[in-house]
Structures are given as structure tokens and as C-alpha cells.
Number of protein chains: 4
Amino acid sequence: MSPKPNVSAERIPQILNAALAVFAAKGLNRATMSDVAEAAGLSKATVYLYFKDKDDLIYFALLTSLEQGFGNLEGILVSGGEVKSQILDWVQEIASQMAESATNLSIGFEFYALANRRPEIRERIQKYFQQYRQLLSEVIQKGITQGEFQSVEADSIAVAIIALFEGFNVLWFTEPNDASWLSLLANTIKLLLDSISLN
Amino acid sequence: MSPKPNVSAERIPQILNAALAVFAAKGLNRATMSDVAEAAGLSKATVYLYFKDKDDLIYFALLTSLEQGFGNLEGILVSGGEVKSQILDWVQEIASQMAESATNLSIGFEFYALANRRPEIRERIQKYFQQYRQLLSEVIQKGITQGEFQSVEADSIAVAIIALFEGFNVLWFTEPNDASWLSLLANTIKLLLDSISLN
Amino acid sequence: MSPKPNVSAERIPQILNAALAVFAAKGLNRATMSDVAEAAGLSKATVYLYFKDKDDLIYFALLTSLEQGFGNLEGILVSGGEVKSQILDWVQEIASQMAESATNLSIGFEFYALANRRPEIRERIQKYFQQYRQLLSEVIQKGITQGEFQSVEADSIAVAIIALFEGFNVLWFTEPNDASWLSLLANTIKLLLDSISLN
Amino acid sequence: MSPKPNVSAERIPQILNAALAVFAAKGLNRATMSDVAEAAGLSKATVYLYFKDKDDLIYFALLTSLEQGFGNLEGILVSGGEVKSQILDWVQEIASQMAESATNLSIGFEFYALANRRPEIRERIQKYFQQYRQLLSEVIQKGITQGEFQSVEADSIAVAIIALFEGFNVLWFTEPNDASWLSLLANTIKLLLDSISLN
DNA sequence: AATGAATGAGCGTTCATTCAT
DNA sequence: GATGAATGAACGCTCATTCAT
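Calculation rules
- Residues numbered from 1 in each chain as written.
- Chains lettered and ligands numbered in written order.
- Predicted model: local features only at pLDDT ≥ 70, side-chain atom pairs only at ≥ 80, totals over all residues.
- Heavy atoms only, no water.
- Helix = DSSP H or I, 4+ residues; strand = E, 2+ residues; numbered from the N terminus.
- Buried < 20%, exposed > 50% of the residue type's maximum accessible area, 1.4 Å probe, protein only.
- Contact = heavy atoms within 4.5 Å.
- Least-squares fit on C-alpha atoms with pLDDT ≥ 70 in both.
- Expected span 1.5 Å × (residues − 1).
- Polar contact = N/O pair within 3.5 Å; in protein donor to acceptor, adjacent residues only side chain to side chain.
- Buried area = accessible area lost by both parts, 1.4 Å probe.
- Salt bridge = Lys/Arg side-chain N within 4 Å of Asp/Glu carboxyl O.
- Near = heavy atom within 4 Å.
- Nonpolar A, V, L, I, M, F, W, Y, C, P; charged D, E, K, R; others polar.
- Lys, Arg positive; Asp, Glu negative; His and termini not counted.
- Axes fitted to C-alpha atoms, helices over the stretch in contact; angles between N-to-C directions.
- Parallel < 35°, antiparallel > 145°, perpendicular 65-115°, else oblique.
- Left-handed = near helix turned anticlockwise from the far one by under 90°.
- Domains from an automatic or database assignment.

### Let's talk about the environment of Ile196(A)
Link 1 in the chain: Looking at the secondary structure, you find Ile196(A) in helix 10 (residues 181–196).
Link 2 in the chain: A relative accessible area of 1% places Ile196(A) in the buried class.
Link 3 in the chain: Excluding anything up to four places from it in sequence, Ile196(A) contacts Glu148(A), Phe149(A), Gln150(A), Val152(A), Ile157(A) and Leu191(B).

### Considering the relation of the copies chain C and chain D
Link 1 in the chain: Between chain C and chain D, which share one sequence, the superposing operator has a rotation angle of 179° and an axial displacement of 0.0 Å; the RMSD is 0.2 Å. With respect to symmetry, the two chain copies, as superposed, fit the operation of a two-fold axis. When each C-alpha of chain C is compared by its distance to the rotation axis, Gly167(C) comes out closest, at 1.9 Å.

### Section: helix 4 (residues 54–66) of chain D
Residue and element names in this part refer to chain D.
Link 1 in the chain: Taking 1.5 Å of rise per residue, the 13 residues of helix 4 would be expected to cover 18 Å, and the 18 Å separating its terminal C-alpha atoms lies within 8% of that figure.
Link 2 in the chain: Here helix 4 has its buried residues at Asp56, Leu57, Ile58, Tyr59, Phe60, Ala61, Leu62, Leu63 and Thr64.
Link 3 in the chain: Contacts made by the buried residues of helix 4 are with helix 1 (11–30), helix 2 (33–40), helix 3 (44–50), helix 7 (104–115) and helix 8 (119–145).
Link 4 in the chain: Sitting at the head of helix 4, Asp53 places a side-chain oxygen 3.3 Å from the backbone nitrogen of Asp55.

### Looking at the interface of chain B and chain A
Link 1 in the chain: Across the boundary between the two partners, chain B contributes 45 residues, which contact 44 residues of chain A.
Link 2 in the chain: In total, about 3600 Å² of surface goes out of reach between chain B and chain A, with carbon and sulfur atoms giving 68% of it.
Link 3 in the chain: It is Arg117(B), Thr174(B) and Leu191(B) in chain B that bury the most area against chain A; as a group they hold 14% of the surface buried on that side.
Link 4 in the chain: There are 0 salt bridges connecting chain B and chain A.
Link 5 in the chain: Sort the elements by how many residues they give to the side of chain B that touches chain A and helix 9 (residues 154–174) of chain B lands first, with 14 residues.

### Things to note about the protein's contact with DNA strand E
Link 1 in the chain: As a structural note, the neighbourhood of DNA strand E is formed by 36 residues, with Arg11(A), Thr46(A), Arg11(D), Thr46(D) and Tyr50(D) the closest of them.
Link 2 in the chain: Among all atoms of DNA strand E positioned within 4 Å of the protein, those belonging to sugar or phosphate total 64%.
Link 3 in the chain: Within the contact set of DNA strand E, a base oxygen lies 3.1 Å away from a side-chain nitrogen or oxygen of Lys44(C).
Link 4 in the chain: The set of elements that each furnish at least two residues to the surface near DNA strand E consists of helix 3 (44–50) of chain A, helix 3 (44–50) of chain B, helix 3 (44–50) of chain C together with helix 3 of chain D.
Link 5 in the chain: Residues of the surface near DNA strand E, tallied by class, amount to 16 nonpolar, 10 polar and 10 charged.

### Comments concerning the protein's contact with DNA strand F
Link 1 in the chain: In the region of DNA strand F, 36 residues are neighbours, and Arg11(B), Thr46(B), Arg11(C), Thr46(C) and Lys44(D) sit closest.
Link 2 in the chain: The sugar-phosphate backbone supplies 64% of the atoms of DNA strand F found within 4 Å of the protein.
Link 3 in the chain: At 2.9 Å from a phosphate oxygen of DNA strand F is found a main-chain nitrogen or oxygen belonging to Met33(A).
Link 4 in the chain: Only helix 3 of chain A, helix 3 of chain B, helix 3 of chain C together with helix 3 of chain D provide two or more residues apiece to the surface near DNA strand F.
Link 5 in the chain: In the surface near DNA strand F, the residues fall into 16 nonpolar, 10 polar and 10 charged.

### Quick look at the interface of chain C and chain D
Interfaces are often sized by the accessible area lost when the parts come together.
Link 1 in the chain: Taken together, the contacts link 44 residues of chain C with 45 residues of chain D.
Link 2 in the chain: Buried area between chain C and chain D, both sides added, is near 3600 Å², and the carbon and sulfur share of it is 68%.
Link 3 in the chain: Together, Arg117(C), Thr174(C) and Leu191(C) form the three largest contributors to the area buried by chain C at its contact with chain D, with a combined 14%.
Link 4 in the chain: Linking chain C with chain D are 12 residue pairs in polar contact (both at pLDDT 80 or more), by the criterion used here.
Link 5 in the chain: Secondary structure elements with two or more residues in the side of chain C that touches chain D: helix 1 (11–30), helix 7 (104–115), helix 8 (119–145), helix 9 (154–174) and helix 10 (181–196) of chain C.
Link 6 in the chain: Counting residues per element, the side of chain C that touches chain D draws most heavily on helix 9 of chain C, at 14 residues.

### Some words on the side chain of Glu166(B)
Link 1 in the chain: Topologically, Glu166(B) is positioned in helix 9.
Link 2 in the chain: Buried charge Glu166(B) goes without a salt bridge, the closest partner of opposite sign being Arg133(B) at 13 Å.
Link 3 in the chain: Discounting residues that sit within four places of it in the chain, Glu166(B) has contacts with Gly167(A), Val170(A), Tyr112(B) and Phe129(B).

### Here's the deal with the packing of helix 7 of chain C against helix 8 of chain C
Residues and elements named next belong to chain C.
Link 1 in the chain: At a minimum axis distance of 7 Å, the contact between helix 7 and helix 8 shows a crossing angle of 120°. Judged by the inter-axis angle, helix 7 sits oblique to helix 8. Crossing geometry of helix 7 relative to helix 8 is assigned as left-handed. Here Phe111, Tyr112, Leu114 and Ala115 of helix 7 come into contact with helix 8, specifically with Pro119, Ile121, Arg122, Ile125 and Phe129.
Link 2 in the chain: When grouped by side-chain class, the residues that make up the contact of helix 7 with helix 8 number 8 nonpolar, no polar and 1 charged.

### As for the arrangement of the chains
Link 1 in the chain: Chain A shows no contact with chain C. Their nearest C-alpha atoms sit 30 Å apart.
Link 2 in the chain: At their nearest point, the C-alpha atoms of chain B and chain D are still 21 Å apart, with no contact between the two.

### Quick look at the relation of the copies chain B and chain A
Link 1 in the chain: Taken as rigid bodies, chain B and chain A are interconverted by a rotation of 179° and an axial shift of 0.0 Å, the fit giving an RMSD of 0.2 Å.
Link 2 in the chain: In this assembly, 98% of the residues forming the interface of chain B have copies in chain A that are likewise at the interface, indicating an isologous arrangement.

### As for the pattern of salt bridges
Link 1 in the chain: Taken as a whole and assessed by the stated rule, the structure comprises 32 salt bridges over all chains.
Link 2 in the chain: Across the pair Lys52(D) and Asp53(D) runs a salt bridge whose closest N-O atoms are separated by 2.9 Å.
Link 3 in the chain: Looking at Lys52(D), the relative accessible area reads 55%, which means it is exposed.
Link 4 in the chain: Put simply, Asp55(A), Arg118(A) and Glu120(A) are held in one network by salt bridges that share partners.

### Re the environment of Thr103(A)
Link 1 in the chain: Tracing the sequence through the fold places Thr103(A) in the loop between helix 6 (83–100) and helix 7 (104–115).
Link 2 in the chain: For the pair Thr103(A) and Pro176(A), spaced 73 residues apart in the sequence, the C-alpha separation amounts to 9.6 Å.

### Overview of the domain arrangement of chain A
Residues and elements named next belong to chain A.
Link 1 in the chain: If you check the domain split of chain A, you get domain 1 (11–63) and domain 2 (70–196).
Link 2 in the chain: Using only C-alpha atoms to locate each centre, domain 1 and domain 2 end up separated by 29 Å.
Link 3 in the chain: Counting from both sides, the interface comprises 12 residues of domain 1 and, opposite them, 12 residues of domain 2.
Link 4 in the chain: Roughly 1000 Å² of surface becomes buried between domain 1 and domain 2 when both sides are summed, with 73% attributable to carbon and sulfur atoms.
Link 5 in the chain: With a closest N to O distance of 3.4 Å, Asp55 and Arg118 form a salt bridge.
Link 6 in the chain: For the pair domain 1 and domain 2, the number of links is 2 residue pairs in polar contact (both at pLDDT 80 or more).
Link 7 in the chain: When residues of the side of domain 1 that touches domain 2 are traced back to their parent elements, those giving at least two are helix 1 (11–26) and helix 4 (54–66).
Link 8 in the chain: The greatest single-element share of the side of domain 1 that touches domain 2, amounting to 6 residues, is contributed by helix 4.
Link 9 in the chain: By residue class, the composition of the side of domain 1 that touches domain 2 is 9 nonpolar, 2 polar and 1 charged.

### Some words on helix 6 (residues 83–100) of chain B
Residue and element names in this part refer to chain B.
Link 1 in the chain: The first and last C-alpha atoms of helix 6 sit 26 Å apart over 18 residues, in line with the 26 Å expected at 1.5 Å per residue.
Link 2 in the chain: Buried within helix 6 we find Val83, Lys84, Gln86, Ile87, Leu88, Trp90, Val91, Ile94, Ala95 and Met98.
Link 3 in the chain: Check the buried side of helix 6 and you find it contacts strand 1 (69–72), helix 5 (73–78), helix 8 (119–145), helix 9 and helix 10 (181–196).

### Thoughts on the packing of helix 1 of chain C against helix 2 (residues 33–40) of chain C
Residues and elements named next belong to chain C.
Link 1 in the chain: Contact geometry for helix 1 and helix 2: axes closest at 8 Å, N-to-C directions at 140°. By the angle between their axes, helix 1 is oblique relative to helix 2. Relative to helix 2, the crossing made by helix 1 is right-handed. The segment helix 1 lies against helix 2, with Gln14, Ile15, Ala18, Ala19, Val22, Phe23, Lys26 and Arg30 engaging Asp35, Val36, Ala39 and Ala40.
Link 2 in the chain: Across the contact of helix 1 with helix 2, the residue classes break down as 8 nonpolar, 1 polar and 3 charged.

Quick look at the structure:
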């Protein structure tokens, strides 16, 4: 279940990156271990040196893809200035990142689907959303504390924003050529924040 | 790509229902044609009598799962009464349905992922969302016309609502034991509608 | 092993002709019973009403294709006139027939190959060649008797002519676009007959 | 379409020989990849390591069976002595070889039949016959140059001889227990060569 | 540490054949 | 006599996984 802590632990990210690329291109199932090995410039057997089996590889690929963090959400917490506008900037930033790696979204859906059968995957995804939610919640709370927002339940707003991101992901993915998603998403979140703003 | 139009066209729903059950339980890829046949109480060869191949079966299974319509959204259009409260009722209804068929969500994610490789699947999903969006848009527009809502872009609100549904789906699916999703979703949509309401 | 002698025995040639067409087009193995049934305008089950199984159908298809006789070889026996020139005319005639149904040659090769595994097929082919040989032998003999040919072994010449036909069949089939086969065949047989002619 | 060029390229002839044996015994279609693998003492998957698919295997089996060359026909070209007698010796030699590997003839017919559907197979067979014809043609031409034969078209005689070989193959194959084919073939070719000899 | 070579286990698909109507 | 519907039995092919070197 876990990569070996070898000297050439450089192999692990090498393999994981190859895996993510191949998974995104061909889908979790059509991607073969051969594909991954080839993309990593290694032999199949070598991949098995670092990952127990394909499930293991998928699991760590998920972890890797979940590591990308939440943009500079942390920055908002420590910076001065108006929270709302900083959130809206952050939305732009995240949405732009999404737009750039649109292909990667499809792995996301496969990971979600996998959660149904693999508890450890579900747990990681849950943990990811919890952290996300927690962080976003604190940001909203800061806005409340600073007097920008009404005294609403910060957590509810955090969840709403996350749901909007995920929901627009779906719409974006199914109709990737429609360029309006980004502004629709931004406007919706703005509307939401406006509605809890104090004046 | 096409089921036969024979007398025993009862076979087709029989197989499709079996397929949906098996797909939901095992995932699109781990579900074998044997599994589907067995679940349908038929032989494998018989399944092939009605569906060209597994891809064909998956495609029509998608169509079936997309056929469930949009609740009584149409009802709102023709009924009298306040739009906002009717929308909120409808949200409750749809969300309850989702809660009941939580397992089915996982197929949904697989279908989304599949859209990347199979244009005809992407098209059907797009069409589904377009109809959904169109209908919801008309409902919002009715609210505007009736003087309930400000003169906002109805379509943007419609998309926002759909995105919220999809986004909460994701959250729900990854953490199915959390009972609060439904009310969080309902509250968020209420917040949204309140923010465009006229008083 | 044998077609039923039913009232609608018109079905039998109907099926056999369809079978020959399909066999020629797709090969004995790739041709399915469905193909044959469809080509005959009947249902699969009906084909089984008249032929026990596919092997049976192939066997009777072989018989049918062997029934085409040996051109007007018999005519030479009863006619007056020079034998040699009549044989050469007959060669032209047969070779032209071959040219017209070039596709059919491929079934021929499949039948030959099948002879290895199916004694009853080998027997029919043997019988076919024996009759052919016998008839041709008599024609040569007539030429000897008439004083056209030297007193050679008529049977050897008959076999040689048959072998030349079969051999040119192979060459023709493998290089069907070469138009010279017919004249090469005719010239070779002429050379052979000249070499046994008396002046 | 292509065997791998690895160290264990010993596998390739191993598999091809097994394939030829199985193909001859069961026919191209009834022979399964499992049969071939088993005959080669390997697993099915290993066969697929060296041959892309069954078609590929058949194609290379054809090449192998076509590689056996044309006896010492080349020897006649460089040797001194009478051409005619050397040809007749060669006929005996080739015919004996044919007699020994009578079973293999049946694959031959299947290959011919296959030429109809597979252009690359047709091409190889054509090439085979062309080389054969070219070589034989030169031998005849040498006989003409040496003053043994009349100044006939060497190529026509070459084709006639090839046709006779192929034709007798057919007859031999359909009636393998008849021991007279060899002498009939030899005599016919002798007759042909006599008829173009100069005295 | 690395891999070429090998394979067991399965899966999607086809097709000759049967049988109730 | 005719057939629509159904299926058992295979077969070609793939792929995750192992292991000797």
C-alpha cells in the first residue's frame, strides 16, 4: 500500500506524474501499467518496485492530484484588506487553473466514482473537501469579523462556494467549448457574497 | 448502436435496468456483460441480440438514466402562485430523489468521465443540461415577469442552481453519511433566490 | 446428411445457390449460417430444416459446384471432325468460363483443403476428377483411333491436361490481373497435343 | 505484423513451426491460438508477445512455408552438362519432397483461398511464383543457348512446368494414395521438354 | 535497482444450433 | 413449413502481475 522509501525516491514522482498524464489521457481503466511505465521511461517491472499494484498506483496518483492545494486562500487569512474582493480574485485564479488543465477534470470524475468502491479513496477525498471547507470557512469568518459580511453561518457559505466550483466543473467538462463558464461562476459567487455583505 | 424493434422490446428495459444496477454496483468497467446478462436473467448472447456491444449498452443506459426528467418543473410554469416557494419545494423534491438513489450517482461520474472519449455521450449530456437550463430559466423568468424577482439574467440564475445541484451531488457522494447536505443545498438556493427577490 | 425430399424442394437449390454465393464472397468459415439464410431470403431456422448442419450445407454446396459438368467434351466423342482442333476449342471455352467466375475459384481451394479432414468431400472430388479424366481419356483415344495422334497412353495425356487446368487455375487466382494466362494455357495444351500428333 | 527482434528470437521459429503443424492438422480456422501455444510449449499470451494477432501469425507462417526454395534449380544454371536431364532430375527431387510433406499441401490451398481477402498474402504468393518462374525461365533459356532446345519462348515453358507442378499437387492431394502421380508428372514434363528439343 | 520474458485469469464477442409457437 | 428468440460453447485477445537474472 505504500511506496518504498528508497534512495532513488525520485522514481516515485516520476512514476506518479507519468501515471497522472496517462490516466488523464486514457482514463483509469484503459490506461495500462505498460502505458504508465512507458510514459515514465521505465519498465513495467520497475513500476511494480515502487507501487504494489495498479490500485496502489491509482491511490497515490489521487493523493498527488489532491496535493495542489487551494491557491492562496491561506494568503487571504494573513493579509489585510477587504475579504470579498480577495475571494473574488482567488475565484478568478482557481478558475483559470481549471481552464488550463481541463483534461484533468475527467480523472477527477473517475476518482469520485471510485470512491464508491474504495473506502480509502473516499476518505482522502473527504479529507480534501474538509480542509478546503475549513479554510474557506475561516476566510468567510474573517470577513464577518472584519464587518464586511453579515453574521451568517460561515461554514454554509464555504460549502456553497465549494459546491459551485464543483458544479461548474461538471458543466464545464461536459461543454468545454463554452467560454462563458468562468464569468458565470464568478458572477454567481459575487452574487452570493453580495447577498451576505453588510451594505 | 440500436436495439431491435421486436415484439420482445420488453427485453430492452429489462436489460437496461439490469445494466444500470450492475454498473452502479461494480462500475462501468468491472461490470461484465455476463454480470448484466445474469442480472437480467438472460444469457450473454441474448444481451447481444438487443445491444450491439458493451459501448452500445452503456450509451443506452446513459439515455435511460437521463430520462428521469426534471421533476415537476414544468408544473411551476403553468401553475399560478409564487414562483420562489415553488422552486424551493421543487428543490426539496429533487434532492430527496437524489438521496434515494445515491448509488446511481457513481454511474453519473463515470458517464461524465466517459464524455471525454465518446462524443455521442458528451452530446447527450450537453443536451440534458441544456434542456434543464432552458426550463429552469423560464421558471426564473416567470418570477421576474410576475414581479417576484429583480430583472436579472434569468439564465445565469438557472445555471447557478444547476451548478449547485451538481456540486452538492459531488459533496454528497463523497460523504454520503452526512445528513446535512440537503438543507445546506436548500438554504443556499434560498439565499440565492432571496438575493434577487424584490423586497 | 441429406436434404429432405419435401414438396417445397425448391428451397434446396434456393439455399444452395445462396450458400455458394456467400461462400465465394466470404470464404467457408467467415460465411455464417445467418449470411446464407439472409442471402436465401429465409430464416436461419428454415435453412436447418433442409440441411442438418453447416457441414452438411457445405457438402451439398460442393456437390452443386461440381455438377457443372465438363463443357461439351461429350460432344467431341460423338461428332465427326478433327479431335485436336475440337479439344483446343473446348480449352478456350472452359478457360473463358473460368475467367468469368474467377471468384468461385477461391471456394475451390477451400474445398480441396477441406478434403483433408472430411473423407466424404475427398471422395466426391476424387470422383469428379475420375469422371473428368475418363471422359478426356476417351477423347484422346478417339484421336488416336482416328489416326490423329500417336499411339500414346491416352490416360496420361488426359491427366496432363487436367493438371494444366488446375495448375493454371492456381496461377490465375494468385495473379488475377495478368491477362496472359488463358493464352499460355491454350498454347501449352497445343504444344502437348502437337507433340503427340502424327505429322 | 512484426515479430519482435529480441534475444529470444528463437521463440519465433519455435512458434512458427508449431503453427504450421497445427494449421496443417486442423486447418487455418479450426486451429486456435491455444492450440498453437500448446504445440509450441508456451502460453497463449506469450505467442501474442511475438505475433500481433492470428492474422499476423498466419502471414508469417505462409512466409515460412514459402521459404523452402526451389531445390537446386540454381545449381543447373552454374553447372555444365545437359539441361534437360538435369531438369528431369530436379523434377524427381521436388516431387519427392512434395510426397514427404503431403499434409502441408492442405495449408497451401488455404493460403491460396486466403489470398482473395488478404492482399499482402496474395503479394507474397505472387512474388514466390515470379521468382520460381524467373529461375526456371533462365534454366530453359540456358538449354536454348546450349543448343538443346529449339528457340521457343523460355518463359512459356517455365510457366507450363510450374502449372504442372501445381496441378499435380491438386490431383495428388485429392487422391493421395495413388502412387502414380509422380511418374505421370515426370513423364508429362519429359514429353514437354522432348517436344522442344532439337532432335 | 532494474528488466525482459512469461503467463493466468478473464472479458467481449460470435456463431452454430435448438425449440416453442 | 416457417421463424423469432434464445443460448452454450468457444475463441481471440488483453492485461495486471511475477520472477529469474
